[in-house]
Each structure stands twice: as structure tokens, then as C-alpha cells.
Amino acid sequence: MTQNVTPVEAFVADFEAVNGLLAGNDLPWLSSLRRSGIEQFSGQGLPHAKLEAWKYTRLRPLEDTSFRPVNDADGSAGVASIPAVLPSDSSHPRIVFVNGTLRLDLSWLDALPDGVSIESLGQVIASDPEWVGAHLGRIGRLDGQPLTALNTAMMNCGCVIRVRRGVVVEAPIEVIYVAGLTDSPVAYHPRNLIVMEENSQATIVKLHAGLGVGAYFANAVTEVEVGDGATLRHYRVQSENRESTHLANLNVRIGKDATYDGFGLHLGGRLSRTDVFARLEGEGGHCGLNGAYLMKGREHCDTTTVIEHHAAHTTCREIFKGILDDEARGVFQGKIIVHPGAQQIDGHQLSNALLLSDRAEMDAKPELEIYADDVKCSHGATTGKLDDTSLFYLRSRGIPEALARNLLIQSFLAEVIDEVKDEAVREALMDKVIHWLPAQCFLAEEWTK
Amino acid sequence: MLEIRNLHASVDGTKILKGIDLSIEAGETHAIMGPNGSGKSTLSYVLAGREGYEVTAGEILYKGKDLTELSPEERAGEGVFLAFQYPVEIPGVSNTIFLKEALNSIRRYRGDEDLDAMAFLKVVRQKTKELNISDDMLKRAVNVGFSGGEKKRNEILQMAVLNPALAILDETDSGLDIDALKIVSDGVNALRAPDRATLVITHYQRLLDHIVPDRVHVLAKGRIQRSGGKELALELEEKGYAEFAEAAA
């Protein structure tokens, strides 16, 4: 980047350079969607600290580093061992992207159950442009969301999952994004679309994993439609490398009597932010939005959520817990909005953070906006340290201090990890947590397997 | 077994213990009684090595070794056990895993091999039976949702599994009904042995009906004011602690 080109100008120039090569450039609706994306992005610019929603998170790496778009060579990188959340035994469907390139050689997409399709965005644009045109960009907003706008312009990979009406998918579906190991910093813009048709059920586990130490920028957008009576368990793990910038925008529409059960485990990334917008649009809908973040070094992790109750008799439950060590910084901004006429609402929000170091920092901002009168909403936020008495209790039983601290961290996180209803996934997530913990202690096999 | 000489200790700069002398031989059970605020719990924390409880003078010799230099986990490894007045709840960590981590940590400290799951369960099963502790209690998170009695039984279970040489029981009778008191006391009595010493800290005499001490000491104003046989507890029950409050004033 030369000094007189702003980051926004650089991204726009990248768009103009690669636009003709992006998937579906022969489709007028898609070309115009991309064009409106880049115009919105260019008009709004990058989010900055003067915006209330971005008060605590500054996108400094995007200002300081020049990221080139990923290319095919980046995507064909040999990866010796694919990071995963679920066991690597091909017992469940999985789709793998390396630096934004679909890698069928690493994916397991044969023998999918009837009524389920798992494809890359490029594949669906080619095979069923009409269907994807009817769903893509319908939930994610471009106004006020410049990063979603940039993604909409540049979306060059992503996973499209469609579960047909009434279909219950037993095995979890795993979506894996691996990034890193490129010769210079790259940006990629995955765009995921999940459509759960009426009364369908599925569990989706998504992993973003970083390899190596070099910087990259993942700008992900996911749109989720949970149709009437459908249930989606959506578990996300972010385990990016320590130079990465990971920005994710998750947009969820929840229908009548539908359940969206979301969980995010954030284990690493120099700078990460997840924006979640969930809309409860039909009576009887439920939104679970839980998560945990474990940050160390100088990592920064921001979780910003907006849950909107548009319909009566809808419920939400939101618990986020964080562990911040060294000079790490956590941000939680959780807003629950109850719109006029949305009566009989039950909402619960909790943010707890544990600081393991005096230099770690947490900013929590819970917000309730309620425009209906028959509403039960609670929220709470705490930030504290490991409890001295608990630590002494464990040590007085012979447990060395390092292990005692680890057990207390596990104890702190267990409450939120218990929100994950799928047992195999819950164990896999706890396993990730244990491997994050400082290793200068011995753990029994129950904890390390 | 335990030799406390002229022990002074402070918490947050406040002097709590002001010259305690106490000697317990192997095989003996001693009781420390005293009014609230006399320093009973402080003494138990100082013996177990809690941070923030600073020994300012004197010494604590355990099997001839100076305890004050050791961390809490090292003291546990050496065979010191403190049953807490208020056992701590540890959500998300099962009682079984906690017990196993504790036992194997102590074994490692002593240079012994870890017990595997089978061997460990065998040890625990026998103790749980004696203490009327259900499998359910073992599976549940440490002390979470336990009644007062269950928590105290759980302390005694830990003590039985860890098999300490010096057991300190801090207000183990508080919050117990008669039945629970009996179970807990039976558990403690079952562990009495020629090579073990027990220090029972209590406000009330009733626990000492069940766990009969060899010696009773009255702690008030940070010092042992009087020592005697088990009949001293009965006298205290009758007269209260007023005399010692005055004596120390």
C-alpha cells in the first residue's frame, strides 16, 4: 500500500481487479449485489471508534497492513493435518476450505443424508442460481455494516447448507476454514448461507483455524434462516493464529416455534470481533446465544450481539464467559430489543469475565431496549479474579497451584459450556479449552483424552 | 507429631494469634474450643498455609519439619489435612475427578505412581459406603447443591481418601443435625490411629460427646488460656467463655 492510498481505497481497488473473476459474474443480480456492496463499503468506510458500537475495538491491523486477495495458489497449500473440532474419522459430513479455496480432497461430502445439501457458494451459484438468489443477502444488512458490505462485494468462498422440510440430520455437519501459510498477508471473505426449512433439524459445527504465524484477514458473513418449527444447533470455534484479524458477522432469522441454539468458542486471534444479529420473527421462537472466549498475550476479542424480539411468546438466553490473561482485552456488548406488541417475552443475559492478570481488561455493556409491557428480562455483568478461597481449598487437598488454577478456570467455563446440548460437541469444546490452558501441570486422563 | 511454639500470626496486618504453644503427639486427639473471634479458624488456616495468613513469630514443627516454609499443596503432601468450616463449591468439576486429582497429586508428591481409575474407585467405594455417601454425590460437582450435612460428609470423605497424618477439623459440627453429626463423628473416629493426630476446632461441646478428645484447650484473645482433659469441655459448656474473655482482657 502506498502512503496516499487509504485502506478503503485499497479494498475497492482489489474489488475492481478481481471482480470479473468472482463466482457468478455472468449473473446480473449477483453483479449488482456485489456492486451495491462495494458502493456501501466505500461510502461508509471502515468502522471507527467514534461509532458507539465500535467504541472498544479499533481495526488497527486493517489500517497498518496491506492485505491482498487470496488466490488459487494460497488455496492449494499442503496442510499436513487438518485442524478439526470433531473426531477426524469421516463419520460425519465435513467441508474444508484452505485460504478460501474449497478442498474436496479434504472434505467428506459423499453419502450425505437425503434432503441435505452442503456445497460451496461457487457450486450453488453455478448449479442453482435462482434458489441462492432468493436467499443470499436477504438477512445480512449492508447499511451500517460496512464489513458485511465488503464481504458482499468480495465473497469468494463459503458454505451453503440447505436442510429440506422435515428432515432431521443426525450427524453434526462440520465446516472448517483453515487460513495462514501464505507468502504475504491475505484477505478472504467467506460467505455462508444456512437454510433450515420448516421442521428440519441439524447441528452445524464451524471452525476457523489459523496455521503459522503470518497475518491474514478473515471477513466472514453468515446468514441463517431457521424456518418455522425448525431447530439449528450452531457451534462456532475460532482458533485463529496470533497475527490474524477475524471479523465475523452472523445474521439469524428465527421463525415461529423455531429454535436457534448458538455457541461461540473464541480461543485465539490477534483481533477478533463477532457481530450477531438475531431476529425472533414468529411466536414461540427461541434464541440461545452463548459463548466463551479465552484470550492471552495481546489478543483482543469483541462479541457484540443484538437480539430482537419481533413476536410475542419468544425467549432468549445469552451467557458469555471470558478468560483474559496477560494483556488480553475482552469486549461484550449485548443488546436485547423487545419491539412494541411483542408481549410475554422471557429474556436472560449474563456476561462474566475472569481476569488472570492485572494488565488484562474487560469492557462489558449490556443493554435492554423494551417497548412492550409484559416482558421478563434480566441481565447481569461481572468481572473478577479467581477466588482465593477456592484456590486455597484445592491446594489444601494437595493439588498444585497451576492445576488448581486450571480446574477453577474449567469450573468457571463449565456453566456456559454446559449450554451446548450436543454431548460430543460439548466434550470437544471442553477439550479445546483444556488445550488452551497453561500446560505446566499434570492433568488426569479424564481431562486430557 | 505437631509442635507449635510461641506462634504469632497476622491477617491484613491485624494480629490474631499472639503466642500459641501446643503440642500434639501421634495417636492423640486434641480439641480447641473458644469464643467467636478468638482465632480458632485463623489457627487452622495458618496450619494449612493459606496465603494472607502471615506467621510473624514462632514456629510450627510437624514431624520435626518447619511447616511455615511449605505451600498448602506441599503440606497436604506431607500429610496435613484441613476439613473446612465452609467447604467450597466448585461447579463443573465432579467430586470424583476432584478426589482423584487430589489423591494422585499427593501420591506424586510422595514419589508414588498415580492410581488408575479402577484402583481409585476401589479406594473410594469403600469410604463412601462407610460415610453413607451415594454414587450420585460422587458424580455431582464438588459441593454444588449439597446440604450442610452432605458438605461435611464430603469433607470427611476427602479426609478418608487422602489419609492424612494430621487432620484438622474446623467447626465440623456447624450446620449439622444429630444424625449427620453422628455419621461425621463416626467417620472421624474410624480414622483415629496410633500414627495419626487429630485437632478438632469447635465452639460447642456437643461434637466432643462423639469425638472424645485426649486434651482440650481453650483459645481466647489469640492465646491458649487453659488446657485440660475432656472434662474441661463439660465445664465450658456449663460456664461459657466469659471467664476467659475477662482473664485475657
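First, a word on what this report is: a plain description of the structure on this page. Residues take numbers from 1 onward in each chain, read along the sequence in its written order. Whichever chain is written first becomes A and whichever ligand is written first becomes 1, with later ones labelled in order. In keeping with the predicted nature of the model, local features appear solely for residues at pLDDT of at least 70, side-chain atom pairs appear and are counted solely at 80 or more, and the whole-chain, interface and lining totals rest on all residues. Only hydrogens and water are removed before side-chain values are computed, so all heavy atoms of the structure are retained for them.

## Considering the packing of aromatic side chains
Think of a pair of aromatic rings as described by two things: how far the centres are apart, and how the planes are tilted against each other in angle. Only the six-membered ring of Trp is used, alongside the rings of Phe and Tyr, when aromatic pairs are assigned; centres must lie within 6.5 Å, and planes under 30 degrees apart are stacked while those over 60 apart are edge-to-face, with the rest tilted. Scanning all chains against the criterion turns up 12 aromatic pairs over all chains. Measuring from ring centre to ring centre gives 5.9 Å for A:Tyr393 and B:Phe98, while their planes differ by 20 degrees; the resulting arrangement is stacked. Taken as a pair, A:Tyr393 in helix α8 (residues 388–396) and B:Phe98 in helix α3 (residues 95–109) lie in two separate chains rather than in one. Across the pair, B:Phe98 and A:Tyr393 agree in class, each one buried. Numbering of helices and strands runs from the N terminus, with a helix taken as a DSSP run of H or I at least four residues long and a strand as a DSSP run of E at least two residues long. With a 1.4 Å probe rolled over the protein chains alone, any residue whose accessible area is under 20% of its type maximum counts as buried; one over 50% counts as exposed, and the rest are partly exposed.

## Points about the sheet that holds strand β10 (residues 197–202) of chain B
Residue and element names in this part refer to chain B. By the convention used here, strands pair only if DSSP detects at least 2 bridges between them. The strand order across the open sheet built from six strands is β6-β9-β10-β3-β11-β12, with neighbouring strands paired in mixed fashion. Looking along the sheet, the strands with just one partner apiece sit at the ends: β6 (80–83) and β12 (223–228). Across the sheet, the mean angle separating the axes of adjacent strands is 20 degrees when strand polarity is ignored. Summarising the sheet, β6 and strand β9 (residues 166–170) pair through four bridges and their orientation is parallel. Bridged to Phe-81 within β9 is Ala-167. Orientation is described by lines fitted to C-alpha atoms, with helices fitted over the stretch in contact, and by angles between N-to-C directions that extend from 0 to 180 degrees.

## Considerations on helix α4 (residues 117–130) of chain B
Since the α-helix packs 3.6 residues into each turn, any two residues three or four apart lie on the same face. Residues and elements named next belong to chain B. Spanning 14 residues, α4 covers 20 Å between terminal C-alpha atoms, matching the ideal 20 Å at 1.5 Å per step. Every buried residue belonging to α4 is among Phe-120, Val-124, Lys-127 and Thr-128, and all of these are buried. Projected down its long axis, α4 shows its buried positions confined to an angular sector of 100 degrees, all on one face. Of the residues in α4, the exposed ones pointing more than 90 degrees away from the buried face are Met-118, Lys-122 and Lys-129. One or two residues past the end of α4 sits Asn-132, with phi positive at roughly 55 degrees. Between the first and last residue of a helix there are one fewer steps than residues, each counted as 1.5 Å, and that sum is the expected span. In this context, the arc is that of the directions from the helix axis out to the C-beta atoms.

## Here's the deal with the pairing of strand β17 (residues 315–324) of chain A
Residue and element names in this part refer to chain A. Burial analysis of β17 places eight of its 10 residues in the buried class, which makes it a mostly covered element. Summarising the sheet, strand β15 (residues 286–295) and β17 pair through eight bridges and their orientation is parallel. Paired with Met-295 across the strands is Leu-324, a residue of β17.

## Describing the side chain of B:Thr29
Residues and elements named next belong to chain B. Along the polypeptide, Thr-29 turns up in strand β3 (residues 29–33). Among the polar contacts made by the side chain of Thr-29, one reaches the side chain of Arg-192 at a distance of 3.2 Å. Those residues in contact with Thr-29 that lie beyond four places of it in its chain are Arg-192, Thr-198, Val-200, Ile-211, Val-212, Pro-213, Asp-214 and Arg-215. Pairs of N or O atoms within 3.5 Å make up the polar contacts considered here, provided that, within protein, one atom can donate a hydrogen while the other can accept it, and that residues adjacent in sequence are counted only when both atoms are side-chain atoms. The contact definition used throughout considers only heavy atoms, calling two residues in contact when any of these lie within 4.5 Å.

## With respect to unusual backbone geometry
Notably, A:Ala111 is not glycine yet its phi reads approximately 55 degrees, a positive angle. Turning to its location among the elements, A:Ala111 is positioned in the loop between β3 (101–102) and β4 (116–120). The exposed category is assigned to A:Ala111, whose relative accessible area is 80%. Even without being glycine, B:Lys63 reaches a positive phi, approximately 50 degrees. The topology assignment puts B:Lys63 in the loop between β4 (53–62) and β5 (65–66).

## Quick notes on the pairing of strand β6 (residues 173–180) of chain A
Residue and element names in this part refer to chain A. When you tally the buried positions in β6, you get eight out of eight residues, the bulk of the element. Across five bridges, strand β2 (residues 94–98) lies against β6 in parallel orientation. What sits directly across from Ile-95, in β6, is Val-175. Pairing of β6 with strand β9 (residues 201–211), which is carried by eight bridges, proceeds in the parallel orientation. Across the sheet, residue Tyr-177 finds its bridge partner in β9, namely His-208.

## Some details on the pattern of salt bridges
A side-chain nitrogen of Lys or Arg and a carboxyl oxygen of Asp or Glu constitute a salt bridge if their distance falls within 4 Å. Tallied over the entire structure, the rule returns 38 salt bridges over all chains. With a shortest N-O distance of 2.6 Å, B:Glu73 and A:Arg395 are connected by a salt bridge. Of the two residues, B:Glu73 sits in helix α2 (residues 72–78) while A:Arg395 sits in helix α8, which places them in two different chains. Residue classification places B:Glu73 among the buried positions, given a relative accessible area of 13%. Via salt bridges that share partners, A:Glu225, A:Arg253, A:Arg279 and A:Glu281 belong to a single interconnected network.

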